[in-house]
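Analysis of the macromolecular model
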Amino acid sequence: MLYAVPAGLSLRGWNMPDQFNVLLEVRNVRKFFGVRGKSVLPTAKYVQAVNEVNFSVRRGEVFSVVGESGSGKTTLGQMLIRLLDPSDGEIMFDGVDLMTLDDQQMRRARKRMQIIFQDPYSSLNPYMTVGDAIGEVLEVHGITKTTAERDQRVDDLLETVGLRSATSVRYPHEFSGGQRQRIAIARAIAANPEFLVADEPVSALDVSVQAQILNLISDLRASMGLTMVFISHDLAVVRHIADRVAVMYLGRIMEIADVDEFFDRPLHPYSQALLSAVPTPDIRRSKQRQVLSGEIASPMSPPSGCVFRTRCPHAIEACAGVVPPLELKSATRSSACIRDDLLK
Amino acid sequence: MSVISSKAVTLGKAEPKRRQNRLLMTLRGVFSHRLGMIGGTVIVFLVICALLASVIAPYSPFTINYTAILKPPSLEYWFGTDELGRDILSRILYGSQASLQVMAMSIAGALVIGSAVGLVAGYLGGWVDEVIMRVVDGLLSFPAIVLALAIVAALGPSLTNAIIAIAVVNVPDFARLVRGQVVAIRRYEYVQAAKAIGMSPARLMWRHVWPSVRGSVIIYSTLKAAQAIITESALSFLGLGVQPPWPTWGSMLSTAMRYGDSWWMSVFPGLAIFLTVLALNLLGDALRDVLDATTN
């Protein structure tokens, strides 16, 4: 059925990796953080924040990464725009491995990729006016030549994100959380990027403001043709904004699926548990709530084999033996679980 | 609701001009700050006294008068006379020239070099940090006065060399202070955000890291200024600073130690130092408040 959709009509439903269509490709990316021990000798202790992650993001889509705190999604997001260097693996942005760029090339490449942070209270420099904070992006990339031109563009950007242009002379502390996040967004889109990482952009905001900011992000994505990686732990938000969803657990991807498919029929036991934890007003469905026992395992000593097996209700002995690879289970979905019998 | 709308109204009118001269704005801020105003006035007064010492001083600071040795304060000698019968008020006025110079220039030098070193070490981290901070630790392990002595001894005694020595001695303190703060600030998301924009490290340090550090650096330097005067007096005492008979506040103080009964010999230079440091402190406080007014 899905193959019947003519190419180009809809971005959803494509799953065959199309090299012309892929903006970002993550290949076998790992990130280990060394843990400094008490001993003088270098210890071999590492936190495995991200482990063997593979996925690709197509142009124009919103690819959402979900997971509990500690699952490595923020670390992953920072590596996508090389705020952190991966310990291993490649991050191909428009066909170029970001790790092969030198400092200057990387600085130039940053024009094309931006990030919105979770906390708008710490992502804006308190010592800089809003106008300077946004204008700075234009200056760094030489987008505007004169001060007048710069100020005009700053005003335009502020209006684009729904703020009055007069706000450019104010300091961040004079704004509410929602307004600050708008400023952070204006700054992120100032250089007209193609790719945006949104790291929990609404989770620090009041619920009443979340929807406004989400709508703003959606609108900008449509009008600017942005490709986005949207990191979140809030499944309702993800369902609203994402085209595809990747579920992370303990630094590994458990499942990748189209958003509707994911919410209708999650395959991986962890995805199922996550979705069943979403509160539902339906009394019959709430009975089926599946509560995971225990805590997320320590990333310093993850379980052997499948990292989820210690909390998985369907775990069998074989799960401890091998790390299940992320495999294509259908045209639009991949999952990392050896219990294929469950994945129906 | 009414609160919100009234705020919107105030935001709407009387918008400040877009880019005013930062220095001018800061100065205006300091002078509308009451304590800053007091501190600033005192400093200006002291500087004028230093510049006009030859005009205002009632006596020559050098003329020895054996008929007026160790005279207590009187109408004739307001601040009394020293062990050679020289007028203390005149010596304080002339002494302020050297003392203020030593204070301002050595601390300014230490501030600039120390802050730059601390910024680079703290921001870049890794081996750069290790190398810089080990050198700084090495310098810190000398007692300040011993290090200053060694430097002046190597360069030769003079006012300029005393300033250089005091600056060098203070560099490690500033470097440590700044580095510590930078390491904390580096983790803030706005520093990450600035990096994500594609800014050069130099610009990032200057525009995004330094403004968060400068407040404490300013306060610290006003404290250090007092120490600079004392260090200078120690150098002068050992004949390595300003050469006698030229007076400095510090050397006047150290001479006064030998004449404990003549309280005026130590009290007045002491008061001069106290007043200067207090004024600097007030000014520093005001400066920090004004620079921080934008954040809180």
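Look up a bit, the structure's there.
Below or above, wherever it landed, is the structure these notes cover. (Residues numbered from 1 in each chain as written. Chains lettered and ligands numbered in written order. Predicted model: local features only at pLDDT ≥ 70, side-chain atom pairs only at ≥ 80, totals over all residues. Heavy atoms only, no water.)

Now for the overall build of chain B. The number of helices and strands found in chain B is twelve helices and zero strands. C-alpha extents for chain B along the principal axes are approximately 80 × 50 × 25 Å. Put simply, of all contacts in chain B between residues at least 6 apart along the chain, 72% involve residues at least 24 apart. When the accessible area of chain B is evaluated, it comes to approximately 14,700 Å², of which 70% is carbon and sulfur surface. Seen as two clouds, the 23 positive and the 15 negative side-chain charges of chain B have centres 13 Å apart. (Helix = DSSP H or I, 4+ residues; strand = E, 2+ residues; numbered from the N terminus. Contact = heavy atoms within 4.5 Å. Areas by Shrake-Rupley, 256 points an atom, 1.4 Å probe, with all protein chains shown as cover. Lys, Arg positive; Asp, Glu negative; His and termini not counted. Charge placed at Lys NZ, Arg CZ, Asp CG, Glu CD.)

Residue and element names in this part refer to chain A. Taken together, the eight strands give an open sheet; going across it, the order is β6-β7-β8-β3-β9-β10-β12-β11, and neighbouring strands pair in mixed fashion. Two strands bound the open sheet, and with one partner strand each, they are β6 (113-116) and β11 (327-330). Neighbour-to-neighbour, the strand axes of this sheet turn through a mean angle of 20°, independent of strand direction. Examined bridge by bridge, strand β3 (residues 62-66) and strand β8 (residues 227-232) share five bridges and lie parallel to one another. In the sheet register, F63 faces β8, and the bridge partner there is V229. (Pairing = 2+ DSSP bridges. Axes fitted to C-alpha atoms, helices over the stretch in contact; angles between N-to-C directions.)

Across the boundary between the two partners, chain B contributes 34 residues, which contact 38 residues of chain A. Carbon and sulfur atoms make up 51% of the area that chain B and chain A hide from each other, which totals about 3,100 Å². Inspection of the region where chain B meets chain A yields one salt bridge. In this structure, R203(B) and E139(A) form a salt bridge, with 2.9 Å as the shortest nitrogen-oxygen distance. Applying the counting rule to chain B against chain A returns ten residue pairs in polar contact (both at pLDDT 80 or more). Listed by contribution, the elements that provide at least two residues to the side of chain B that touches chain A are α1 (2-12), α9 (189-197), α10 (201-237) and α12 (263-292) of chain B. (Buried area = accessible area lost by both parts, 1.4 Å probe. Salt bridge = Lys/Arg side-chain N within 4 Å of Asp/Glu carboxyl O. Polar contact = N/O pair within 3.5 Å; in protein donor to acceptor, adjacent residues only side chain to side chain.)

Turning to the environment of P245(B), a few remarks are in order. Residues and elements named next belong to chain B. Considering the arrangement of structural elements, one finds P245 in the loop between α10 and α11 (249-256). Assessed through its relative accessible area of 41%, P245 is described here as partly exposed. Excluding residues that lie within four positions of it along the chain, P245 makes contacts with F62, R86 and R91. (Buried < 20%, exposed > 50% of the residue type's maximum accessible area, 1.4 Å probe, protein only.)

Looking now at the packing of helix α5 (residues 88-124) of chain B against α10(B). All names here are of chain B. Packing of α5 against α10 leaves a shortest axis separation of 8 Å and a crossing angle of 145°. Both α5 and α10 take part in a crossing whose hand is right-handed. Residue-level inspection shows V102, M103, S106, I107, L111, S115, L119, V120 and Y123 of α5 in contact with α10, the latter providing P201, L204, M205, V209, W210, V217, S221, K224, A225, A228, I229 and E232. For the contact of α5 with α10, the per-class residue count stands at 16 nonpolar, three polar and two charged. (Left-handed = near helix turned anticlockwise from the far one by under 90°. Nonpolar A, V, L, I, M, F, W, Y, C, P; charged D, E, K, R; others polar.)

It is worth spelling out the sheet that holds strand β1 (residues 22-34) of chain A at this point. All names here are of chain A. Judged by pairing direction, the sheet is antiparallel, and its four strands sit side by side in the order β2-β1-β4-β5 without closing on themselves. The open sheet is flanked by β2 (46-58) and β5 (96-97), the only strands paired with a single partner. Sheet topology places β1 next to strand β4 (residues 88-93); five bridges connect them, and they run antiparallel. Its bridge partner being in β4, E25 is matched across the sheet by M92.

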